[in-house]
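Topology and contacts: notes
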Amino acid sequence: MTEDIIIMTKEGRYSMRVFGYVRVSTKEQAESGLGLEAQVNKIKAYCELYDLELVDMFIDDGYSGKTLDRPALQSLIKRLENGEAEGVVIAKLDRLTRSVADMGVLLERVFKDKELFSVSENVSTRTPSGRLVLNVLISVAQWERETIVERTKDALRAKRERGEKTGGDVPFGYDEIDGKLIPNEKEQRIIELIKRLRSKGYGLKRIARFLNENGFKTKKGRAFTHIQVKRILSREVA
């Protein structure tokens, strides 16, 4: 797709003013080869190779790609709309967004008359074929992410069914012994009481008040709140 990215004139390569955009959300991403510095270097090298004038670099450090509500990205969009650049260069598509819907919004609102260049995928929005490939790549990325989420949920559910701890504090109703969750008889009786009260129409706050008035305590020896009651009931239903 390299030929789609370069516009030739009589004088040689066409120089376009562009913004660079980089994003990293977690420490793991920062160490995966797509950290901020690595993204910046890719963008600079790309601009130099294709004679693109890099006007400014926008950085969202610690923001997820699940939403477009990011300060640097919003600032970039505003300056694009003000005509300060004709395009944007990113190191990888998922640095801009991980959502098919959000990419559609960007293509329609921002990149309708501006260019988007992705270094890793080597695509741009200059041509219809480039826009098609970009949408396909984003769709695949979203499918992969949703598949990973679903597999993770299944794995955690399987661990819970085997009585294994899945991270965080030991849930009410269990004790952790040798890395496994063992039912705590006293707390299990409290859970059964909570479920009976709920079946009788008691609200969450009323259940918490009943437990506290009768001397029941949480695993940490504190009074119950309606939030804790809700969590216990939710865990039992799941």
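Residues numbered from 1 in each chain as written. Predicted model: local features only at pLDDT ≥ 70, side-chain atom pairs only at ≥ 80, totals over all residues. Heavy atoms only, no water.

The terminal C-alpha atoms of helix H3 (residues 36–49), which comprises 14 residues, lie 20 Å apart, in line with the 20 Å expected from a rise of 1.5 Å per residue. Residues of H3 that are buried include every one of Gln39, Val40, Ile43, Tyr46 and Cys47, and no others. Buried residues of H3, seen end-on, are gathered within an arc of 130° and therefore sit on one face of the element. Opposite its buried face, H3 presents the exposed residues Glu37 and Glu48, each directed more than 90 degrees away. (Helix = DSSP H or I, 4+ residues; strand = E, 2+ residues; numbered from the N terminus. Expected span 1.5 Å × (residues − 1). Buried < 20%, exposed > 50% of the residue type's maximum accessible area, 1.4 Å probe, protein only. Arc of directions from axis to C-beta.)

Attention now moves to the packing of aromatic side chains. The final tally for this structure, using the stated rule, is four aromatic pairs. Residues Phe172 and Phe224 carry aromatic rings whose centres are separated by 5.7 Å and whose planes lie at 80° to one another, so their mutual orientation is edge-to-face. One end of the pair, Phe172, is in the loop between helix H7 (128–161) and strand S8 (174–177); the other, Phe224, is in the loop between helix H9 (204–213) and helix H10 (226–237), with 52 residues separating them in the sequence. Like Phe224, Phe172 is buried. The lysine or arginine in question, Arg206, covers the ring of Tyr202, its NZ or CZ lying 3.8 Å from the ring centre. (Phe/Tyr/Trp six-rings, centres within 6.5 Å; stacked < 30°, edge-to-face > 60°. Lys NZ or Arg CZ within 6 Å of the ring centre and 35° of its normal.)

Overall, mixed pairing links the five strands, which are arranged S4-S3-S5-S6-S7 in an open sheet. Strand pairing shows two members of the sheet lacking a second neighbour, strand S4 (53–61) and strand S7 (123–124), which therefore form its edges. Of the pairings in the sheet, the one linking strand S6 (residues 115–118) to S7 comprises two bridges and is antiparallel in character. Note on S7: the bridge partner recorded for Ser118 is Val123. On top of the sheet, H3 reaches strand S3 (17–24), S4, strand S5 (87–90) and S6; it is set at about 160° to S3, its chief contact. (Pairing = 2+ DSSP bridges. Contact = heavy atoms within 4.5 Å. Axes fitted to C-alpha atoms, helices over the stretch in contact; angles between N-to-C directions.)

So far we have only geometry, and geometry alone does not tell us how the molecule works.
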